[in-house]
Amino acid sequence: MTPAELAEAMEATWPPARSLTVGPWRLRDGAGGGQRVSAASAEGPWVPEDIELAEARMDAMGQGRLWVLREGDAALDAALAARGYRRHDPVVAYAAALSDLQGEVSPMAAFTHWPPLAITLDLWAEGGIGPARVEVMARVLGPKSAILGRSNDTPAGAAFVAVHGDIAMLHALEVRPDLRRQGTAVNILRAAACWAQDQGASRLALVVTEQNAPARALYTRLGMVAVTHYHYRIP
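Described below are features of the structure shown in this document. What you see is a predicted model, and the numbers here were worked out from it, not measured in a lab.

Looking now at helix α5 (residues 118-126). Within α5 the residues assigned to the buried category are Thr-120, Leu-123 and Trp-124. For α5, the angular spread of the buried residues around the axis is 100°, confining them to a single face. Every exposed residue of α5 that faces more than 90 degrees away from the buried side is listed here: Ala-118 and Glu-126. Those residues of α5 that are buried are in contact with β6 (110-113), α6 (131-139), β7 (144-151), β8 (154-164) and β9 (167-175). Phi turns positive, to about 90°, at Gly-128, one or two residues after α5.

Here it is, written out as structure tokens:
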């Protein structure tokens, strides 16, 4: 999976409220939905003076200055660092063929559904995924589903999955802290893979912060491979 493929799939499966082209930049209005839907990115050749153009427009949008830097953005990354922006929240993207993730999952362990059940919304809220991020999910135009995971007959975790082309992206994976390490995340991933195959996808991808070592170890154990990375810069 190339960085461009990942960026396109993320934009489609976790979309901003609106995006606009300003010179060589794509600016995003996240409507409170978090960094992924609010960061500016380079979409074409730029010169240093163009950065001020983006900054002025971001200021006018009233959501702060935020940039996402992907592979191939080394020059912009350096230019922003020189302007006093600091590196923030480095992220790793993992991907795998759906065939490598599928396995038997009882509907009592994890099941897909849309719209999200009240308990699914509650689980997300407990993990800090509130109404603004749920609204991001609602904006997705393609196939999408919530997933509820259970452990010992207790709601234990939730996630969101959506498909763009042949790529299924998993977002908003949350497992209750007191119910972790009981297989809930694995069951959710497998349920997502089975659902995504039914939608015509062949690959599943997700992103996770570099510092989340337990999650990264789990994805590696499941055979997922780190395919690209990105980070943000903030003042």
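Alright, that's what it looks like, and here's the rest.
Helix length check: helix α7 (residues 184-198) (15 residues) gives 21 Å between terminal C-alpha atoms against 21 Å at 1.5 Å per residue, within 8%. Most of α7 sits inside the fold, with eleven of its 15 residues counted as buried. Those residues of α7 lying buried are Thr-184, Ala-185, Val-186, Asn-187, Ile-188, Leu-189, Ala-191, Ala-192, Ala-193, Trp-195 and Ala-196. Positive phi appears at Gly-200, one or two residues downstream of α7, with a value of about 95°.

A few words on the environment of Ala-93. Structurally, Ala-93 can be placed in strand β5 (residues 86-97). Ala-93 sits ten residues away from Gly-103 along the chain, and the two C-alpha atoms are 22 Å apart. Beyond its immediate chain neighbours, meaning those up to four positions away, Ala-93 contacts Leu-6, Leu-206, Val-207, Val-225, Ala-226, Val-227 and Thr-228.

Before going further, it helps to spend a moment on the sheet that holds strand β4 (residues 67-70). Ordered in space as β4-β11-β5-β10-β9-β8-β7-β6, the eight strands form an open sheet in which the pairing is mixed. The sheet is open, and its two borders are formed by β4 and β6, each paired with just one other strand. Neighbour to neighbour, the strand axes of the sheet diverge by 25° on average, direction disregarded. Looking at chain direction, β6 and β7 are connected through four bridges and run antiparallel. Bridge pairing in β7 places Phe-111 opposite Leu-148. Relative to the sheet, α5 contacts β6, β7, β8 and β9, its axis offset from that of β8 by approximately 95°.

How each quantity is defined
Every chain's residues receive numbers from 1 upward, in the order its sequence appears when written. For this predicted model, a pLDDT threshold of at least 70 governs which residues receive local features, and a threshold of 80 or more governs which side-chain atom pairs are given and counted, while totals over whole chains, interfaces and linings are taken from all residues. As a rule here, side-chain values come from all non-hydrogen atoms in the structure, and water together with hydrogens is ignored. Throughout, exposure labels follow a simple rule: accessible area from a 1.4 Å probe, protein chains only, divided by the maximum for the residue type, with under 20% read as buried, over 50% as exposed, and the rest as partly exposed. Runs of E in the DSSP output that reach at least two residues are strands. Runs of H or I that reach at least four are helices, and both are numbered from the N terminus. By construction, the arc corresponds to the directions joining the helix axis to the C-beta atoms. Contacts: residue pairs with any heavy atoms within 4.5 Å of one another. Residue count minus one, scaled by 1.5 Å, sets the expected span of a helix. The pairing criterion for strands is at least two bridges between them, as found by DSSP. Axes here mean lines fitted to C-alpha atoms, for a helix over just the part in contact, with angles spanning 0 to 180 degrees between N-to-C directions.

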